[in-house]
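Chains, contacts and geometry: an overview
Listed below are the residues making up each chain.
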Amino acid sequence: MLKPEVLRTVGNYLVEHPDELVRIVRNAASLRFGVPLAALRWIAARAGGRRAPTDVAIEAVPPGIRVGATLELMGARVRASALVFVDGIRLSSDELRLELRVAEVALVLLNESASPLAALIRSGALDLTKPGNLVAVMPRRPDFLVEAKGDRIVLDLKRHAAFSGRRMETLLSLITPLVTVTGVATDREHLDVELGVLDQGVGAAVASWRSLIY
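Below or above, wherever it landed, is the structure these notes cover.

**Here's the deal with the overall build of the protein**
- Within the protein one finds 7 helices and 9 strands.
- A total of 214 residues make up the protein; the buried ones form 28% of that total.
- In the form shown here, the protein has an accessible surface area of approximately 13600 Å², with 60% of it arising from carbon and sulfur atoms.

**Here we look at the sheet that holds strand 1 (residues 32-36)**
- The antiparallel open sheet is built from 3 strands, whose spatial order is 1-9-8. Of all the strands in the sheet, just strand 1 and strand 8 (179-186) have a single pairing partner and so form its edges. The mean angle between the axes of side-by-side strands here comes to 25 degrees, regardless of whether they run parallel or antiparallel.
- Note: strand 8 against strand 9 (residues 190-197), 7 bridges, orientation antiparallel. Considered in strand 9, the bridge of valine 181 is made with leucine 195.

**Quick word on a nonpolar patch on the surface**
- Taken together, the side chains of Leu31, Leu178 and Val197 make up a nonpolar region of the molecular surface, amounting to roughly 230 Å² of accessible area.
- As for its position among the elements, leucine 178 is in the loop between helix 6 (166-175) and strand 8.

**Quick look at the pairing of strand 3 (residues 64-73)**
- With 6 bridges joining them, strand 2 (residues 54-61) and strand 3 adopt antiparallel strand pairing. Directly across from alanine 57, in strand 3, lies its bridge partner glycine 68.
- Connecting the antiparallel pair strand 2 and strand 3 is a turn made up of 2 residues.
- In this antiparallel pair of consecutive strands, strand 3 and strand 4 (residues 76-91), the connection spans 2 residues, and methionine 74 shows a positive phi of 50 degrees.

**Quick look at the packing of aromatic side chains**
- Scanning the model with the defined rule gives 0 aromatic pairs in all.
- The lysine or arginine in question, arginine 101, covers the ring of phenylalanine 85, its NZ or CZ lying 4.3 Å from the ring centre.

**Here we look at the nonpolar core**
- Ranked by size, the top nonpolar core spans 8 residues in total: Ala76, Val78, Ala80, Leu107, Leu117, Ala118, Ile121 and Leu126.
- Mapped onto this core, the elements with two or more residues apiece are strand 4 and helix 4 (116-123).
- The residues contacting valine 78, other than those within four sequence positions of it, are Ala69, Thr70, Leu71, Leu73, Leu107, Val108, Leu109, Leu110 and Ile121.
- Counting 7 residues, the second-largest nonpolar core is a separate cluster that includes Ala82, Leu100, Val102 and Ala148.

Parameters and conventions
- Residues numbered from 1 in each chain as written.
- Predicted model: local features only at pLDDT ≥ 70, side-chain atom pairs only at ≥ 80, totals over all residues.
- Heavy atoms only, no water.
- Helix = DSSP H or I, 4+ residues; strand = E, 2+ residues; numbered from the N terminus.
- Buried < 20%, exposed > 50% of the residue type's maximum accessible area, 1.4 Å probe, protein only.
- Areas by Shrake-Rupley, 256 points an atom, 1.4 Å probe, with all protein chains shown as cover.
- Pairing = 2+ DSSP bridges.
- Axes fitted to C-alpha atoms, helices over the stretch in contact; angles between N-to-C directions.
- Patch = residues over 30% accessible without salt bridge, like charges linked within 9 Å, V, L, I, M, F, W, Y side chains within 5 Å.
- Salt bridge = Lys/Arg side-chain N within 4 Å of Asp/Glu carboxyl O.
- Phe/Tyr/Trp six-rings, centres within 6.5 Å; stacked < 30°, edge-to-face > 60°.
- Lys NZ or Arg CZ within 6 Å of the ring centre and 35° of its normal.
- Core = buried A, V, L, I, M, F, W, Y, C linked by side-chain atoms within 4.5 Å.
- Contact = heavy atoms within 4.5 Å.

Note that all results are geometric; they support no functional claim without further evidence.
Structure representation (structure tokens):
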């Protein structure tokens, strides 16, 4: 359930930006919805947790999005930023696959850490033009990281604990045959999500729903 604070913030934002309502209606006709980057910044600013990134910056660089944050990384406090493009996306009851291309990666050391990462940053030995290669050798890689090479990183969020479990599988089996996400890109101040409806046809959707019942 949405918290009252979230609902108030959304309401205030729409009052201050009435053009958003027009945009919502226009996008609905073309099977698209846009998330204001201001909303993503608001959510990021309220992320909790001892290890949560701070001073998060989100900027549209169409069709990609530049993200920056201050974080603790392998024993070093750094300011990290990168330009991220969503090159592919596949959503189904079996996978939630995101194919990302990452460019313009920057790491700035913010403390006098003696960690190996800090030493690499100081020396300039890190090849930040190929972030996938760095991610591929990181210790304790998460299960949902399925591929990392060059500037390409592939995630399958279905392998994340938040998206596993019987209830989530049932929900995805009900929704994805009907509607799925076909693309993600930015404009000047929005993250636009393009939708596909009945991409595999009515028959495939009915068959999927029947499998849940029987």
